[in-house]
Amino acid sequence: MGCFILCRIVFLVENWSAFSDLTAGRILRMFQGGLLFDTSAILYTNVLYIFLMLVPLHYKENAIYQKVAKGVFVVTNLIAIVMNLADTVYFQYTHRRTTASVFSEFRNEGNLGGIVGTELVNHWYLTLLAIAFGYALFKLYHKPKAVEVTRLPLYYAVHTVTLAVCVGLCVGGMRGGFTRMVRPITVSNANAYVDRPIETGIVLNTPFSLYRTFGKKPFTVPQYFDGERLEALYSPVHHPADSARFRPLNVVIFILESFGKENSGFLNEEIDGGTYKGYTPFLDSLMRKGLTFKYSFANGSKSIDGMPSVLSGIPMFVEPFFLTPASLNTVSSIGRELKKKGYYTAFFHGANNGSMGFEAFARTAGYTNYYGRTEYNEAYPGNDDFDGHWGIWDEKFFQYFGSTLSTFKQPFAAALFSLTSHHPFAVPREYEGVFPKGNKPIRQCIGYTDNALRLFFERVSKEPWFENTLFVLTADHTNSPERPEYGTESGLFAVPVVFYHPGGDLRGYRKDMIAQQIDIMPTVLSYLGYDRPYVSFGCDLLSTPPEETYAVNYINGTYQFFKGDYLLQFDGQKAVGLYAFKTDKLLERNLIGTVPEQQGMEDELKAIIQQYMARMNNDELVIK
């Protein structure tokens with residue numbers, strides 16, 4: 001327990017900037033709640049050790065057996081402590097404690113050794129702390145002395161009773177209580193000790209989050225409304241307008257790794273008295289030529305969340321779509337719908353083929369051809385363009401993307417997921433010192449990839465298909481927030497959403513309305529005049545009134561719903577927060593119960609959740 005408490009202190013100190021308005025009283029409350037989750041995790045971790053020590057077996061009263069038991073104790077608890085310390089770093093990228101889905105998320109990655117090695121060096125003090133914990137566990141362990149058992153009946157009677165009592169205590173500790181009214185605690189119970197969802201990272205510990213999510217079914221259908229009321233409140237089925245007339249524009253989508261809104265000067269003109277330039281001058285120039293939105297959000301916080309959201313209009317609720325049984329469902333996408341119109345479809349990602357499950361999802365979603373590191377190496381044999389960690393440098397791969405697009409028969413629908421602006425935040429040697437580094441290592445990578453975009457558009461602007469192409473640019477998620485407003489539950493999801501048609505009239509500049517990644521699919525299909533029904537959980541941003549657009553996401557057991565001037569936070573049973581996020585940028589004033597719009601927002605969010613869960617479980621993500 002002492003080790004877990006120390007790990008929580010280290011976690012808090014290391015991630016202090018991720019939390020705001022922490023007071024001694026609130027921290028004490030979180031630590032008190034943490035004892036409940038630590039008790040459960042420690043008992044789960046030590047279940048084998050407890051059994052070895054308490055099993056009614058007199059043969060265990062010897063030195064060799066006790067050495068084995070000590071080894072089990074030290075090894076299992078050290079693994080649990082290392083999990084906590086590792087998440088101290090990983091939390092900075094995910095903003096939540098790691099769950100069991102992490103094993104599926106990275107199962108196809110072969111570069112994790114190098115990434116982990118880099119972090120061990122960068123956070124050497126955590127490595128030393130883990131060694132110190134291991135040493136303490138070994139040295140402070142008090143091993144029972146070997147004894148000779150002479151009265152076997154009494155020994156077995158006492159030890160059987162002791163085992164029975166301890167089993168009851170352990171079960172109660174694992175569940176979080178002893179009465180029938182207590183349900184086994186889960187990660188969502190941490191919300192009872194915090195004011196904001198992101199703070200659950202302080203209350204929870206990583207072993208508990210892993211244990212409680214192994215084998216769990218992520219989609220449970222709530223019964224908020226009956227069928228008729230549900231359909232009246234919300235339906236993800238989009239029907240074409242009677243006046244829809246299809247025009248076969250090419251569609252090219254960029255999903256830019258970690259390109260959070262904070263990096264844009266155009267979207268932050270009010271910062272620093274109007275002098276803030278940001279790190280994306282070229283992307284900002286496209287925004288001025290196209291259409292973007294003042295309040296635009298990601299629907300998840302990981303790369304594997306971004307792809308289903310952008311291409312298929314599927315937000316991340318509870319667990320990443322990729323990692324759930326619902327990933328076997330038939331899903332639609334921009335590519336699948338446009339294939340019905342004779343489009344050639346392709347997806348590009350410069351990492352090893354199979355990385356992150358992108359290739360599998362791309363094919364599931366209707367993108368017929370996949371271009372990864374394998375295809376790049378076939379096109380350029382003997383190249384030296386691998387970044388040493390994730391894949392091909394963005395500039396090189398973007399140029400390959402442009403040249404390959406020019407070989408496609410029109411119309412085509414293609415998407416690219418970039419990768420250089422990813423940990424460990426390196427750029428090619430020739431670009432060291434070229435781009436502003438700011439106060440975070442990622443900034444120079446953002447500048448590098450923004451320049452790679454510039455070179456891509458410089459190349460393809462000379463192609464005959466360029467004017468007849470709709471370009472869409474967004475980020476998969478945010479990363480490394482620096483300013484306090486981008487470290488809130490609102491700012492952590494703020495990403496640009498940009499539409500650019502060089503040969504068209506799609507110029508609205510920055511509209512004062514809410515947008516999100518899952519709006520991209522219906523907006524693209526609307527702009528093309530698509531004339532068939534389809535399923536998407538987003539809005540058509542071209543025809544939906546600004547006051548009716550919304551955004552949804554999920555953070556640490558809490559659903560978030562942006563609409564109008566407000567952000568509603570909902571734990572699945574009740575509203576727990578309501579903020580005027582446009583003016584209260586640090587989310588300091590909880591308006592729960594004081595705003596008339598709250599009930600309508602809550603009903604609409606419940607309907608979205610119920611539709612989502614039901615359609616996931618019933619395989620109803622396409623029109624059959």
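Just above, that's the structure.
Residues numbered from 1 in each chain as written. Predicted model: local features only at pLDDT ≥ 70, side-chain atom pairs only at ≥ 80, totals over all residues. Heavy atoms only, no water.

**Concerning the overall build of the protein**
Each helix and strand counted, the protein has 20 helices and 14 strands in total. Over its C-alpha trace the protein gives a radius of gyration of 26 Å, about what one expects of a compact globule, namely 25 Å for 624 residues. Projected onto its principal axes, the C-alpha coordinates of the protein cover approximately 95 × 60 × 50 Å. Relative to its 624 residues, the protein shows a buried fraction of 58%. A separation of at least 24 residues holds for 74% of the contacts in the protein among residues at least 6 apart in sequence. Just so you have it, the protein exposes about 25,900 Å², and 58% of that area is on carbon and sulfur atoms. Measuring between centres, the 57 positive side-chain charges of the protein sit 6 Å from its 59 negative side-chain charges. (Helix = DSSP H or I, 4+ residues; strand = E, 2+ residues; numbered from the N terminus. Rg over C-alpha atoms; globule rule 2.2 N^0.38 Å. Buried < 20%, exposed > 50% of the residue type's maximum accessible area, 1.4 Å probe, protein only. Contact = heavy atoms within 4.5 Å. Areas by Shrake-Rupley, 256 points an atom, 1.4 Å probe, with all protein chains shown as cover. Lys, Arg positive; Asp, Glu negative; His and termini not counted. Charge placed at Lys NZ, Arg CZ, Asp CG, Glu CD.)

**Topic: unusual backbone geometry**
Excluding glycine, residues mostly have negative phi values, and the peptide bonds linking residues are mostly trans. The residue after Gln410, namely Pro411, is reached through a cis peptide bond having omega -5°. Looking at the element boundaries, Pro411 is found in the loop between helix 17 (394-405) and strand 6 (412-417). A cis amide bond links His423 with the next residue in sequence, Pro424, at an omega value of 15°. Mapped onto the elements, Pro424 comes out in the loop between strand 6 and helix 18 (442-460). One non-glycine residue, Asp272, lies in the positive phi region at around 55°. The topology assignment puts Asp272 in the loop between strand 2 (250-256) and helix 12 (281-289). The backbone of Asn556 sits at a positive phi, close to 50°, despite the residue not being glycine.

**Focus on the sheet that holds strand 13 (residues 566-570)**
Pairing is antiparallel in the open sheet, where 4 strands are placed in the order 11-12-13-14. Edge strands, defined here as strands with exactly one partner in the open sheet, are strand 11 (550-555) and strand 14 (575-579). For this sheet, the mean inter-axis angle between neighbouring strands, taken without regard to orientation, is 15°. In this structure, strand 12 (residues 558-563) lies alongside strand 13, joined through 5 bridges in antiparallel fashion. Each residue of the ladder has a partner; that of Gln560, found in strand 13, is Gln569. (Pairing = 2+ DSSP bridges. Axes fitted to C-alpha atoms, helices over the stretch in contact; angles between N-to-C directions.)

**Some remarks on the packing of aromatic side chains**
In the structure shown here, the tally under the stated rule is 63 aromatic pairs. When the centroid spacing of 5.5 Å and the interplanar angle of 75° are considered together, the rings of Tyr155 and Tyr156 count as edge-to-face. Where Phe457 meets Phe466, the ring centres are 6.5 Å apart and the plane angle is 80°; that geometry is what we call edge-to-face. As far as burial versus exposure is concerned, Phe457 and Phe466 are alike and both buried. The cationic tip of Arg510 hangs over the ring face of Phe266; the distance from NZ or CZ to the ring centre is 5.3 Å. (Phe/Tyr/Trp six-rings, centres within 6.5 Å; stacked < 30°, edge-to-face > 60°. Lys NZ or Arg CZ within 6 Å of the ring centre and 35° of its normal.)

**Side note on the side chain of Asp394**
Note that Asp394 resides in helix 17. Buried charge without a partner: Asp394 forms no salt bridge, and the closest opposite charge is Arg373, 12 Å away. Reaching out from Asp394, the side chain makes a polar contact with the backbone nitrogen of Leu419 at a distance of 3.1 Å. Other than its neighbours up to four places away in sequence, Asp394 contacts Ser418, Leu419, Thr420, Ser421, Tyr448, Thr449 and Ala452. (Salt bridge = Lys/Arg side-chain N within 4 Å of Asp/Glu carboxyl O. Polar contact = N/O pair within 3.5 Å; in protein donor to acceptor, adjacent residues only side chain to side chain.)

**Observations concerning the packing of helix 3 (residues 47-54) against helix 8 (residues 152-175)**
Between helix 3 and helix 8, the least distance of the axes is 10 Å, while the angle of their chain directions is 165°. Between helix 3 and helix 8, the angle falls in the class roughly antiparallel. Of the two possible hands of crossing, helix 3 and helix 8 adopt the one that is right-handed. Taken together, the residues of helix 8 that come into contact with helix 3 (itself represented by Val47, Ile50 and Leu54) are His159, Thr162, Leu163, Cys166, Cys170 and Met174. A class-by-class count of the residues in the contact of helix 3 with helix 8 yields 7 nonpolar, 2 polar and no charged. (Parallel < 35°, antiparallel > 145°, perpendicular 65-115°, else oblique. Left-handed = near helix turned anticlockwise from the far one by under 90°. Nonpolar A, V, L, I, M, F, W, Y, C, P; charged D, E, K, R; others polar.)

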